[in-house]
Protein chains: 2
Amino acid sequence: MIEKFLKFLPANSVITAEEALRVYECDALSAYRQIPACVVLPDTVEQIQEILQICHAADVPVVARGAGTGLSGGALPVTDGVVLSLARLTRILEIDPELRIARVEPGVRNLSVSEVAKQYGLFYAPDPSSQVACTIGGNIAENSGGVHCLKYGLTVHNVMALKVVTMEGDLIKLGGEALDSAGLDMLALMTGSEGMLAIVVEATLKLLPLPVHQKIMLAAFDTVEEAGNGVAAIIAAGIIPAGLEMMDNPGIRACEDFVHAGYPREAAAILLCELDGIPEEVEAESQEIADLLRDAGATEVRMARDKAEGERFWAGRKAAFPAVGRIAADYYCMDGTIPRKHIASVLQRIRELSAEYKLGVVNVFHAGDGNLHPLILYDVAVPGELERAEEFGGRILETCVEVGGTITGEHGVGIEKINQMCVQFNSAELTQFHAVKNAFDPKGLLNPGKAVPTLRRCAEYGAMHVHSGKLSFPELERF
Amino acid sequence: MIEKFLKFLPANSVITAEEALRVYECDALSAYRQIPACVVLPDTVEQIQEILQICHAADVPVVARGAGTGLSGGALPVTDGVVLSLARLTRILEIDPELRIARVEPGVRNLSVSEVAKQYGLFYAPDPSSQVACTIGGNIAENSGGVHCLKYGLTVHNVMALKVVTMEGDLIKLGGEALDSAGLDMLALMTGSEGMLAIVVEATLKLLPLPVHQKIMLAAFDTVEEAGNGVAAIIAAGIIPAGLEMMDNPGIRACEDFVHAGYPREAAAILLCELDGIPEEVEAESQEIADLLRDAGATEVRMARDKAEGERFWAGRKAAFPAVGRIAADYYCMDGTIPRKHIASVLQRIRELSAEYKLGVVNVFHAGDGNLHPLILYDVAVPGELERAEEFGGRILETCVEVGGTITGEHGVGIEKINQMCVQFNSAELTQFHAVKNAFDPKGLLNPGKAVPTLRRCAEYGAMHVHSGKLSFPELERF
């Protein structure tokens with residue numbers, strides 16, 4: 001097969017040496033590692049079609065990979081499979097300021113879309129924390145979010161069209177530049193499908209006008225409940241901030257000690273709220289929000305006086321992950337979404353679980369859209385702590401499902417949350433997922449073992465619930 | 001089979017008398033009629049499951065039906081099939097003002113959701129012209145829009161979760177109340193699938209806060225091009241009006257003569273623009289829009305001074321269809337969407353086709369989202385006019401595809417536009433549609449012959465392009 005690849009790919013586009021393959025053994029969920037048989041780095045869509053045709057004919061599994069920043073193990077290789085890296089397809093093919101779209105290749109970095117669009121007064125809204133490094137193709141695979149998705153939506157809400165190559169090598173266009181498109185809507189189906197249906201080779205992204213005015217505010221609370229009520233009050237008033245983030249006391253301390261953003265270290269929780277729009281709207285809404293937050297029990301509401309202070313408010317939030325990295329040997333970032341009204345009760349449940357598992361937790365998250373990111377602190381050097389952290393994480397996700405939420409907000413399921421899929425969905429639903437997967441990839445070669453568990457796995461998981469967090473690789477089932 | 005239905009359905013829920021069946025022979029695309037074998041009117045989800053199980057076992061096709069207001073023939077019965085009417089599932093199950101959702105049965109009328117939500121200061125945004133009569137289930141099947149979908153999106157953007165019953169009778173939940181959901185995103189896939197994948201039995205809809213302030217304005221232009229430029233200028237300025245409608249001179253005259261809305265009868269085109277939001281925002285944006293429209297060449301920009309005048313501006317637009325009904329014996333309402341920048345050139349092309357086919361056209365449409373609704377005027381009593389109107393309509397849709405648009409905006413494909421699907425999609429894409437359809441309904445029993453053409457039909461259509469408008473029913477192929 002490698003010989004076949006080398007007929008149309010230069011030698012430096014086909015990696016087979018174990019040393020070089022090791023770079024690809026995991027994504028950002030580095031607890032799981034597996035060395036693939038081979039990595040290919042095509043430069044063109046035609047090469048991708050040819051690679052997939054060869055793998056299809058030879059029944060070889062293919063795992064697509066962007067920048068490898070994914071947090072759920074979606075790009076974890078398969079031992080006897082090929083990793084298809086899209087890292088060399090990095091062209092921004094077109095920016096049309098009139099249609100307000102960007103047409104890009106999948107290996108384009110998220111942030112560079114906004115950087116290039118800026119000259120037209122436009123930007124691309126989804127902004128995951130990893131936006132300096134992560135790619136549009138990976139964002140589409142995982143339906144990535146970011147701090148601004150409350151107002152501007154997830155990746156699925158910002159993709160207008162896709163070109164994809166099927167496992168058989170066919171090039172298909174989904175969606176279009178108009179508001180609606182005919183036929184079955186396979187665009188959203190593809191977004192978030194974790195490389196299991198087809199390979200994205202081009203994306204048409206929606207661009208938005210850069211906001212003319214912004215205002216950032218910080219509110220402190222004595223209890224997490226009051227902060228949760230503050231979030232509910234803003235949303236109930238019909239205001240959709242550009243961003244509405246929450247941080248609990250361990251998060252505040254970690255960030256403040258690291259960045260000196262000026263956060264109140266003693267507060268039980270803070271909210272960071274960003275408004276954008278035309279000045280009249282932003283000023284009126286920021287006054288209304290300040291009143292709502294005080295009514296909800298805020299002990300302090302601070303408006304950033306200028307851009308510098310606003311950036312300092314955000315700096316703490318943006319540095320949350322490295323800040324937590326300073327206080328814990330290791331941490332495990334979870335990602336679940338709940339209806340907003342359950343924020344306080346779910347945070348309380350997480351505290352109880354934290355006591356039960358004897359592991360600390362820091363909560364820094366997208367409160368406005370109910371997207372939790374508990375960071376579970378552990379030390380891999382202490383025997384049993386990783387396992388406890390994983391099990392604890394699984395319990396948090398199951399709590400999210402119990403209150404009507406879901407096991408993922410923006411990181412995807414990958415290999416990390418595959419057991420929790422058994423909690424979220426019943427067997428008729430899982431069977432339907434398999435049928436749709438089968439409609440695209442009947443041989444089950446695209447990213448096998450990810451995102452949708454087999455019914456057998458769910459039956460086993462049901463039987464051995466207490467071991468939920470832990471998967472051992474030899475048992476990885478083919479999708 | 002009818003005996004089996006009568007075991008669990010009361011006699012008045014199973015219609016078999018030809019007289020009574022005739023009521024169901026067509027939807028609002030009344031040029032196509034077909035009498036089904038039987039109509040069933042279940043009251044519960046369990047009954048729907050049982051009906052589908054029976055039909056599945058007996059290989060009997062099933063066509064779902066809401067209020068029958070669809071414009072593309074999506075609810076056209078199959079001669080040897082069952083019509084499954086959802087008309088009796090009319091309960092609003094829940095309004096949760098905190099989560100801002102409504103949970104409804106599929107037979108609930110579109111407008112009644114907003115009527116009930118009003119007491120909580122909320123509304124349901126998609127508002128098709130038929131909103132007094134059409135049902136949520138039908139809206140989901142066709143992915144309906146309305147005058148406000150520019151700002152608030154189509155049905156697909158306003159549905160959070162669905163419960164559906166598969167052809168085999170399984171009940172499946174798609175989506176959820178949280179921002180994201182795990183697994184393959186089948187929610188958008190189901191929306192707009194025209195009853196071909198599963199039967200919607202419950203929908204969770206997004207509710208929005210009623211706007212606190214509104215402003216409606218009217219601008220007149222000497223040329224259609226200038227009006228098109230006005231639309232582009234507003235969007236380019238980053239303003240998203242709640243509604244932005246355009247009407248050409250024949251439309252202005254028809255509406256003015258009927259409703260006396262105060263439209264300038266001599267204008268080549270008018271724009272109606274509605275802004276909503278907080279007062280500061282609405283006032284600032286309406287000033288900006290007035291300036292932009294004058295710059296684009298508006299001969300007159302009128303701000304509605306009060307609610308009554310604003311309602312009068314809208315009254316003409318809302319009465320456009322009956323107004324055209326007064327000036328023509330029959331009309332054929334088309335529905336295609338194009339990238340906004342092509343509005344002027346596509347309208348010009350429609351005028352050329354109008355001369356070629358010797359049939360008048362009135363254009364009244366959602367300019368903001370590029371969703372055209374040319375009304376082709378004809379007289380069914382004049383031999384050949386219906387056929388010419390249908391062929392003319394097909395040419396308009398193909399023009400939409402040529403400029404990068406699509407053959408549907410909000411009315412669906414149904415039976416009406418099935419040939420144009422061959423123009424919009426290539427065979428790899430159509431094959432993928434069939435594979436996904438097959439993943440839900442392997443026997444092809446749900447709404448056969450609609451929305452997605454067989455490859456054979458496309459081959460034939462390609463070969464006999466000039467006869468495009470006309471389909472004869474005996475040749476209707478099974479999906």
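Remember, predicted model here, so these are calculated numbers, not experimental data.

### Observations concerning the relation of the copies chain A and chain B
You can overlay chain A on chain B at an RMSD of 0.0 Å; the transform is a turn of 180° with a shift of 0.0 Å along its axis. What the rotation and shift describe, once combined, is the action of a two-fold rotation axis.

### Details of the interface of chain A and chain B
By a widely used convention, the size of an interface equals the accessible area lost when the partners come together. The interface is formed by 67 residues belonging to chain A together with 66 residues belonging to chain B. Around 5,200 Å² of area is buried between chain A and chain B when both sides are counted, 66% of it from carbon and sulfur atoms. When the buried area of chain A at its contact with chain B is split by residue, Leu179, Asp180 and Leu184 of chain A rank highest and sum to 14% of it. Summed over the shared surface of chain A and chain B, the number is two salt bridges. Measuring nitrogen to oxygen at the nearest pair gives 2.9 Å for the salt bridge that ties Lys341 of chain A to Asp96 of chain B. Counting the contacts that link chain A with chain B gives ten residue pairs in polar contact (both at pLDDT 80 or more). Of all the secondary-structure elements, those providing two or more residues to the side of chain A that touches chain B are strand E9 (171-175), helix H7 (187-190), helix H8 (224-236), helix H10 (279-295), helix H15 (421-424) and helix H16 (427-440) of chain A. Sorting elements by how many residues they give to the side of chain A that touches chain B places H16 of chain A first, with nine residues.

### Comments concerning the side chain of Asn371 of chain B
Residues and elements named next belong to chain B. In this structure, Asn371 sits in strand E19 (residues 371-372). With relative accessibility at 2%, the residue Asn371 sits in the buried group. In this structure the side chain of Asn371 is engaged in a polar contact, spanning 3.2 Å, whose partner is the backbone oxygen of Gly336. Look past the residues within four positions of Asn371 in its chain and what remains in contact with it is Asp335, Gly336, Thr337, Phe365, His366, Gly409 and Glu410.

### Side note on the state of the cysteines
Residue and element names in this part refer to chain A. One pass over the structure, following the stated rule, counts two disulfides over all chains. Each disulfide pairs two cysteine sulfurs, and for Cys422 the partner residue is Cys458, the sulfurs being separated by 2.1 Å. Its torsion about the S-S bond being -80°, the disulfide of Cys422 and Cys458 is classed as left-handed. Here Cys422 is found in helix H15, whereas its partner Cys458 is found in helix H17 (residues 455-463), with 36 residues between them in sequence. Cys333 forms no disulfide, and the closest cysteine sulfur to it belongs to Cys400, at a distance of 12 Å.

### So, the packing of aromatic side chains
Residue and element names in this part refer to chain A. In the structure shown here, the tally under the stated rule is eight aromatic pairs over all chains. For the ring pair Tyr357 and Phe392, a centre distance of 5.4 Å and an interplane angle of 5° mean the geometry is stacked. With Tyr357 in helix H13 (residues 343-357) and Phe392 in helix H14 (residues 385-402), this residue pair connects regions lying 35 residues apart in the sequence. Given a relative accessible area of 6%, Tyr357 falls into the buried group. Judged by its relative accessible area of 0%, Phe392 falls in the buried class.

### Overview of the confidence of the model for chain A
Confidence in the prediction of chain A, expressed as mean pLDDT, is 91, and 96% of residues score 70 or more. Below pLDDT 50 for its whole length, residues 463-479 of chain A participates in 41 contacts with residues either more than four positions away or in separate chains.

### Describing the sheet that holds strand E14 (residues 269-277) of chain B
Residues and elements named next belong to chain B. An order of E15-E12-E14-E13-E18-E20-E16 is seen for the seven strands of this open sheet, with the pairing classed as antiparallel. Two strands close off the open sheet at either side, each with one partner strand: strand E15 (300-303) and strand E16 (330-333). Along the sheet, successive strands turn relative to each other by an average axial angle of 20°, direction set aside. As paired strands, strand E13 (residues 243-248) and strand E18 (residues 361-365) are joined by two bridges and run antiparallel to one another.

### What to know about the domain arrangement of chain A
All names here are of chain A. Assigned domains within chain A: domain 1 (2-85), domain 2 (92-209), domain 3 (213-322) and domain 4 (329-477). Computed from C-alpha atoms alone, the centre-to-centre distance between domain 2 and domain 4 is 26 Å. Of the residues lining the interface, 19 residues belong to domain 2; the matching set on domain 4 comes to 20 residues. For the pair domain 2 and domain 4, the summed buried surface comes to about 1,600 Å²; carbon and sulfur atoms form 65% of the total. Contact with domain 4 buries surface across domain 2, with Met167, Glu194 and Met196 losing the most and accounting together for 41% of the total.

Rules used throughout
Residues numbered from 1 in each chain as written. Chains lettered and ligands numbered in written order. Predicted model: local features only at pLDDT ≥ 70, side-chain atom pairs only at ≥ 80, totals over all residues. Heavy atoms only, no water. Least-squares fit on C-alpha atoms with pLDDT ≥ 70 in both. Contact = heavy atoms within 4.5 Å. Buried area = accessible area lost by both parts, 1.4 Å probe. Salt bridge = Lys/Arg side-chain N within 4 Å of Asp/Glu carboxyl O. Polar contact = N/O pair within 3.5 Å; in protein donor to acceptor, adjacent residues only side chain to side chain. Helix = DSSP H or I, 4+ residues; strand = E, 2+ residues; numbered from the N terminus. Buried < 20%, exposed > 50% of the residue type's maximum accessible area, 1.4 Å probe, protein only. Disulfide = S-S within 2.5 Å. Phe/Tyr/Trp six-rings, centres within 6.5 Å; stacked < 30°, edge-to-face > 60°. pLDDT = per-residue confidence, 0-100. Pairing = 2+ DSSP bridges. Axes fitted to C-alpha atoms, helices over the stretch in contact; angles between N-to-C directions. Domains from an automatic or database assignment.

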